[in-house]
Number of protein chains: 2
Amino acid sequence: MSGYEFEEFTDADLEADQALYRPFTDAIRGLVDAGVRSTVSPEEIRAAQAEIEAITARLRASQREGSYGVAFNGSGKARPYGNSVVGLRNAVAPPVPITWGPDGLVTADFTLGAAYEGPPGLVHGGVSALILDQMLGEAAAASGRPGMTGTLTLRYERGTPLGRLHAEAKATHRAGVKSFVSGWIGDADGPTVRAEGVFILPRWARKEQSRFE
Amino acid sequence: MSGYEFEEFTDADLEADQALYRPFTDAIRGLVDAGVRSTVSPEEIRAAQAEIEAITARLRASQREGSYGVAFNGSGKARPYGNSVVGLRNAVAPPVPITWGPDGLVTADFTLGAAYEGPPGLVHGGVSALILDQMLGEAAAASGRPGMTGTLTLRYERGTPLGRLHAEAKATHRAGVKSFVSGWIGDADGPTVRAEGVFILPRWARKEQSRFE
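Residues numbered from 1 in each chain as written. Chains lettered and ligands numbered in written order. Predicted model: local features only at pLDDT ≥ 70, side-chain atom pairs only at ≥ 80, totals over all residues. Heavy atoms only, no water.

1. Side note on the overall build of chain A
Here's step 1: Secondary structure summary: chain A contains four helices and nine strands in total.
Here's step 2: Along chain A, from the amino end to the carboxyl end, the secondary structure elements read β-α-α-β-β-β-β-α-β-β-β-β-α.
Here's step 3: Along the first, second and third principal axes, the C-alpha atoms of chain A reach 60 × 45 × 25 Å.
Here's step 4: Looking at the 213 residues of chain A, the share that counts as buried comes to 51%. (Helix = DSSP H or I, 4+ residues; strand = E, 2+ residues; numbered from the N terminus. Buried < 20%, exposed > 50% of the residue type's maximum accessible area, 1.4 Å probe, protein only.)

The following block contains the structure:
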């Protein structure tokens, strides 16, 4: 059992999702950021809290039982809307818009604000790991061999400043069910954190995969 | 320059912060979760968006210029309220309440919901890395040797289910400015992801540290 589901949806459905949920989730992201940075009075904080709870109750009037999950359609397009790094509907996701290049290089340009802080003014080391796990996983998939993370090794060369950042990753080679991928995240001066990962084709996908080889 | 600041605050101030901001940030976390899971109509989504934007504008009427930063007081207590894993005011943080044991073992029990999903029903591999980076860093600090992440190596033994989880970490040994730490995250059946990390005492802290040795 993979947990992945099949669902019929068209490109027009995906565009409609973007039009509706991108500004909605951006609004929640803005609130998360303001929650960290606001210096308004305790009374104003409490008033905001009550209003947020009321909005949440209305949104929960009809909701999925558990997490969002991931559904694919017949063309192999996905709706990973709950994903913590790229999810269209997940305000925890910065989000990181990942582009798959024709040569298997995946890249992303994105901005990390106050909600992604570890040491003062710097990206939390674990946030760099979070983003790199997703980048390397997508690079494995872009090479034609999607997989679950087996191992991930991160080398922190210097602090990653909050602000505008770049990341990239690429699969380097394969051995059996394993794909080896490397990548980095960094700022305008180059890499700050480098990653190496081994991604493993899940058992349930191996039969499927063998049809294409 | 460390970026860490000195600020006068008392234990009573910290308690007041908890009383005000814990329920406030929990309210934002609830909204983030509902944002992923809600199945209300597009009209209701748009109405919620407009209200969220209005609340955010009020919270931003007075706010910090940049990120929250980390301030310590004279007793060495901190307010890392913007931290992505433990921050009291950061709705990206699950949060993970980390307890320092007397023997240097740091532990945490926490719940990860829909906003922390990677594969369907499972914790995003990078979220496990995010939490373990913080756990291992705190274990280094709990051993008397705080540090920045130098390397972090993660071994994924099986999928981590969304829900109730446990994590722990402990420093194993030191060599010069390096602390070696290991830990894991897991469910009721035991570890799902294991981590080894090397944490490096920052240059600016070395002189300070030498006073205690």
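2. Details of the relation of the copies chain B and chain A
Here's step 1: Mapping chain B onto chain A calls for a rotation angle of 180° and an axial translation of 0.0 Å; the resulting RMSD is 0.0 Å. Taken together, the rotation and translation relating the two chain copies correspond to the operation of a two-fold axis. For chain B, the residue whose C-alpha comes nearest the rotation axis is T153 of chain B, separated from it by 2.2 Å.
Here's step 2: An overlap of 100% is found between the interface residues of chain B and their copies at the interface of chain A, pointing to a shared contact surface. (Least-squares fit on C-alpha atoms with pLDDT ≥ 70 in both. Contact = heavy atoms within 4.5 Å.)

3. What about the interface of chain B and chain A?
Here's step 1: Counting residues at the interface gives 78 residues for chain B and 78 residues for chain A.
Here's step 2: Buried surface at the junction of chain B and chain A, summed over both partners, amounts to about 7,000 Å²; 61% is from carbon and sulfur atoms.
Here's step 3: Connecting chain B to chain A are four salt bridges.
Here's step 4: For the salt bridge of R58 of chain B with E51 of chain A, the shortest nitrogen-to-oxygen distance reads 3.1 Å. (Buried area = accessible area lost by both parts, 1.4 Å probe. Salt bridge = Lys/Arg side-chain N within 4 Å of Asp/Glu carboxyl O.)

4. With respect to the sheet that holds strand β1 (residues 5-6) of chain B
Residue and element names in this part refer to chain B.
Here's step 1: The three strands lie next to each other as β1-β2-β3, forming an open sheet whose pairing is mixed. Each edge of the open sheet is held by one strand with a lone partner, namely β1 and β3 (78-79).
Here's step 2: Relative to β3, strand β2 (residues 71-72) runs antiparallel, the two being bridged by two bridges. Among the inter-strand pairings, A71 is bridged to a residue of β3, identified as R79. (Pairing = 2+ DSSP bridges.)

5. Looking at the environment of K170 of chain A
Residue and element names in this part refer to chain A.
Here's step 1: Structurally, K170 is set in strand β7 (residues 163-175).
Here's step 2: Considered as a pair, K170 and E138 are 32 residues apart in the sequence and their alpha carbons are 8.7 Å apart.
Here's step 3: When near neighbours in sequence (up to four residues on either side) are disregarded, K170 contacts D103, G104, L105, A139, F180, V181 and S182.
Here's step 4: Here the side chain of K170 touches D103 through a polar contact of 3.4 Å, landing on its backbone oxygen. (Polar contact = N/O pair within 3.5 Å; in protein donor to acceptor, adjacent residues only side chain to side chain.)

6. Digging into the sheet that holds strand β1 (residues 5-6) of chain A
Here's step 1: The strand order across the open sheet formed by three strands is β1-β2-β3 (chain A), and the pairing between neighbours is mixed. Here the strands that pair on one side only, and so sit at the sheet edges, are β1 and β3 (78-79) of chain A.

7. Digging into the confidence of the model for chain A
Here's step 1: Per-residue pLDDT for chain A averages 93, and the proportion of residues at 70 or more is 96%.
Here's step 2: Across the interfaces of the predicted complex, the ipTM metric reaches 0.95, alongside a pTM of 0.95. (pLDDT = per-residue confidence, 0-100.)

8. Here we look at the packing of aromatic side chains
Here's step 1: All told, the structure shown has six aromatic pairs over all chains when counted by the stated rule.
Here's step 2: Considering the side-chain rings of Y4 of chain B and F72 of chain B, the 5.8 Å spacing of their centres and the 55° angle between planes classify their relative orientation as tilted. Note that Y4 of chain B is positioned in the segment before β1 and F72 of chain B in strand β2, a separation of 68 residues in sequence.
Here's step 3: On the basis of an interplanar angle of 65° and a centroid distance of 6.4 Å, the ring pair of Y21 of chain B and F24 of chain B is categorised as edge-to-face. With Y21 of chain B and F24 of chain B both in helix α1 (residues 11-37), this residue pair falls three residues apart, about one helical turn. Accessibility classification places Y21 of chain B together with F24 of chain B in one group, the buried group.
Here's step 4: We note R89 of chain A situated over the ring of Y21 of chain A; from NZ or CZ to the ring centre the distance is 4.1 Å. (Phe/Tyr/Trp six-rings, centres within 6.5 Å; stacked < 30°, edge-to-face > 60°. Lys NZ or Arg CZ within 6 Å of the ring centre and 35° of its normal.)

9. Quick word on the pairing of strand β9 (residues 190-200) of chain B
All names here are of chain B.
Here's step 1: Across eight bridges, strand β6 (residues 148-156) lies against β9 in antiparallel orientation. Pairing of M148 across the sheet is with I200, part of β9.
Here's step 2: As paired strands, strand β8 (residues 178-187) and β9 are joined by 10 bridges and run antiparallel to one another. Bridged to K178 within β9 is I200.
Here's step 3: Hairpin geometry of β8 and β9 is characterised by an intervening segment of two residues between the two adjacent antiparallel strands.

10. Thoughts on the packing of helix α2 (residues 42-59) of chain A against helix α2 (residues 42-59) of chain B
Here's step 1: The contact between α2 of chain A and α2 of chain B brings their axes to 11 Å, and the two run at 170°. By the criterion of interaxial angle, the relationship of α2 of chain A to α2 of chain B is roughly antiparallel. Taking contact as the criterion, the partners of I45, A47, A48, E51, I52, I55, R58 and L59 of chain A in α2 of chain A are, on α2 of chain B, I45, A47, A48, E51, I52, I55, R58 and L59 of chain B.
Here's step 2: When its residues are assigned to classes, the contact of α2 of chain A with α2 of chain B shows 12 nonpolar, no polar and four charged. (Axes fitted to C-alpha atoms, helices over the stretch in contact; angles between N-to-C directions. Parallel < 35°, antiparallel > 145°, perpendicular 65-115°, else oblique. Nonpolar A, V, L, I, M, F, W, Y, C, P; charged D, E, K, R; others polar.)

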